[in-house]
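# Reading the structure
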Amino acid sequence: MNAITCMGLSKHFGNIKALDEAQLCFEEGKIYGLLGRNGAGKTTLLNCITGRLFPTAGQVLIDGEQAMENQKALKKVFYMGQQEMYPEEMTVEKIFDWTAKFYGGFDREYAHRLCSLFGLNPKKKSSKLSTGYRSIYKLITALAVDVPYVLLDEPVLGLDAGHRELFYRELLDSYGKNPRTIVLSTHLIEEAASLLEEVIILHEGKILCHKTCEELLRCGYTISGRQSEVDEFLKGKQVLSEQSIGGLKSAVVYGTPERDLPTTLEIGRMDLQKLFVAMTETSGRDSQ
């Protein structure tokens, strides 16, 4: 099977378990959301997949081949990280040149069209770019390179609303023309939610959840009304979070809503960001 497969992947930094026996699979031709709070292990996972970090235990397979120190396998993956990997004096155009040489396939015409759309001068040195435009040149490189797996770690860092919207639109357009596996690690969950086919939630180094976006959104709902009636309704249910104001109360419930609800209570559909926050808050409380 063509996929990136992580099998029992762990990474320890002293006594800290940044990754704890992560078991997951990024299948071909899907857009994944990799979600987690700060320190959850997202960047560590992506660095282990791409060989920038050696795992403490476990292994990574790319299309069935061991990824560790295997250039043939690793050249199938493009990783846009937050670190600058090129010399400061290198221009964006020269970065395109080196990317094309390493990966073998790079759509320079498309990259230049994206430079025009985003207002980026490819003759500028990367060190002279703002934080936002450094993200933009990396995004353009990621979209123009010809590989089956593209990993994007906080790709819209420093981008204004207009540029973020342009990126999301171009990402979908590129994916439609050239389907491949895209892993989007982001804190801007609400913005990216409509792009995602599957969602993986990392929490404290462990895989908390791996579902399609549709399945995950069916896992939770909100209930609100008078506090006494809400408390009665919540008995025996898995409550992710609750909030009371005056005599009113609202709660996030994990599970599917019942068909026959009291007419005095109001049910609401969850969005991905609220469900993510509620799930990771609950997990954090349970582990303390």
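Further up the page is the structure itself.
Read on for a plain summary of the structure.

### Description of the pairing of strand S2 (residues 16-27)
Note that strand S1 (residues 3-13) and S2 share eight bridges and pair antiparallel. By the bridge assignment, Leu9 is partnered in S2 with Ala22. In sequence, S1 turns back onto S2 through a hairpin of two residues, with Gly14 there showing a positive phi of about 65 degrees.

### Topic: the side chain of Arg164
Mapped onto the fold, Arg164 is located in helix H6 (residues 161-177). Owing to a relative accessible area of 17%, Arg164 belongs among the buried residues under this scheme. Among residues more than four places away in sequence, those in contact with Arg164 are Val156, Leu159, Leu188 and Glu191.

### A word on helix H9 (residues 227-234)
The complete set of buried residues in H9 reads Val230, Phe233 and Leu234. Projected down its long axis, H9 shows its buried positions confined to an angular sector of 95 degrees, all on one face. Where H9 ends, the next residue or the one after it, Gly236, has phi of about 80 degrees, a positive value.

### Quick word on the packing of aromatic side chains
Aromatic ring pairs: the centre-centre distance and the angle between the two ring planes describe each pair. By the definition in use, this model includes five aromatic pairs. When the centroid spacing of 5.0 Å and the interplanar angle of 80 degrees are considered together, the rings of Phe26 and Tyr32 count as edge-to-face. Take Tyr32: its relative accessible area is 0%, and that puts it in the buried class. Where Phe96 meets Phe106, the ring centres are 5.3 Å apart and the plane angle is 35 degrees; that geometry is what we call tilted. Of the two residues, Phe96 sits in helix H3 (residues 92-103) while Phe106 sits in the loop between H3 and helix H4 (108-118), which places them 10 residues apart along the sequence. Side by side, Phe96 and Phe106 carry an identical accessibility label, which is buried. Of the aromatic side chains, those joined through ring pairs into one cluster are Phe78, Phe102 and Tyr103. The residue whose ring lies beneath Lys101 is Trp98, and the NZ or CZ to ring-centre distance is 4.8 Å.

### A closer look at the sheet that holds strand S5 (residues 65-66)
Taking strand neighbours across the sheet as the criterion, the four strands line up as S2-S1-S4-S5 in an open arrangement whose pairing is antiparallel. The sheet is open, and its two borders are formed by S2 and S5, each paired with just one other strand. In this structure, S1 lies alongside strand S4 (residues 57-62), joined through five bridges in antiparallel fashion. By the bridge assignment, Thr5 is partnered in S4 with Leu61. Where helix H1 (residues 42-49) meets the sheet, it contacts S1, S2 and S4, and its direction lies at approximately 120 degrees from that of S1.

### A look at H3
Along an α-helix, residues three or four positions apart point the same way, because every turn accommodates 3.6 residues. Taking 1.5 Å as the rise per residue, H3 with 12 residues should run 16 Å; its terminal C-alpha atoms sit 16 Å apart, in good agreement. Residues of H3 that are buried include every one of Val92, Ile95, Phe96, Thr99 and Tyr103, and no others. Buried positions in H3, seen along its axis, are confined to an arc of 100 degrees and lie on one side of it. Where H3 is buried, its residues meet strand S6 (77-80), H4 and helix H5 (131-144). Backbone geometry just downstream of H3 places Gly104 in the positive-phi region, at approximately 90 degrees.

### Observations concerning the side chain of Asp20
With respect to the helices and strands, the residue Asp20 is situated in strand S2. Residue classification places Asp20 among the buried positions, given a relative accessible area of 15%. Of note is the side chain of Asp20, whose polar atom sits 2.8 Å from the side chain of Lys206. Dropping the residues within four chain positions of it, Asp20 is found in contact with Leu9, Ser10, Gly205 and Lys206.

### With respect to the packing of H3 against H4
Interaxial distance between H3 and H4 falls to 11 Å at its minimum, and their mutual angle equals 150 degrees. One way to sum up the angle between H3 and H4 is to call them roughly antiparallel. Judged by the twist between their axes, the crossing of H3 over H4 is right-handed. Listed contacts from H4 to Glu93, Phe96, Asp97 and Ala100 of H3 are Arg108, Ala111, His112 and Cys115. A class-by-class count of the residues in the contact of H3 with H4 yields four nonpolar, one polar and three charged.

### A few points about the layout of surface pockets
Summary: where empty space remains is shown by rolling a probe the size of a single water molecule over the atoms. Reported here for the largest pocket is a volume of approximately 560 Å³. Along the walls of the largest pocket sit 24 residues, with Arg52, Tyr79, Met85, Phe102 and Tyr103 positioned nearest its centre. Listing elements by their share of the lining of the largest pocket, those giving two or more residues are helix H2 (71-74), S6, H3 and H5. Element by element, the count of residues in the lining of the largest pocket is highest for H3, at five residues. Space inside the second largest pocket adds up to approximately 330 Å³. Contributing to the lining of the second largest pocket are 16 residues, with Thr222, Ser241, Ser250, Val252 and Lys274 lying nearest its centre.

Scoring rules and cut-offs
- Residues numbered from 1 in each chain as written.
- Predicted model: local features only at pLDDT ≥ 70, side-chain atom pairs only at ≥ 80, totals over all residues.
- Heavy atoms only, no water.
- Pairing = 2+ DSSP bridges.
- Helix = DSSP H or I, 4+ residues; strand = E, 2+ residues; numbered from the N terminus.
- Buried < 20%, exposed > 50% of the residue type's maximum accessible area, 1.4 Å probe, protein only.
- Contact = heavy atoms within 4.5 Å.
- Arc of directions from axis to C-beta.
- Phe/Tyr/Trp six-rings, centres within 6.5 Å; stacked < 30°, edge-to-face > 60°.
- Lys NZ or Arg CZ within 6 Å of the ring centre and 35° of its normal.
- Axes fitted to C-alpha atoms, helices over the stretch in contact; angles between N-to-C directions.
- Expected span 1.5 Å × (residues − 1).
- Polar contact = N/O pair within 3.5 Å; in protein donor to acceptor, adjacent residues only side chain to side chain.
- Parallel < 35°, antiparallel > 145°, perpendicular 65-115°, else oblique.
- Left-handed = near helix turned anticlockwise from the far one by under 90°.
- Nonpolar A, V, L, I, M, F, W, Y, C, P; charged D, E, K, R; others polar.
- 1 Å grid on protein atoms, 1.4 Å probe; cavity = no way out; pocket = protein on both sides within 12 Å on 5 of 7 lines; lining within 4 Å.
- Points joined across faces, edges and corners; volume = space filled by probe spheres on them.

Remember, this is a structural readout, not a statement about activity or role.
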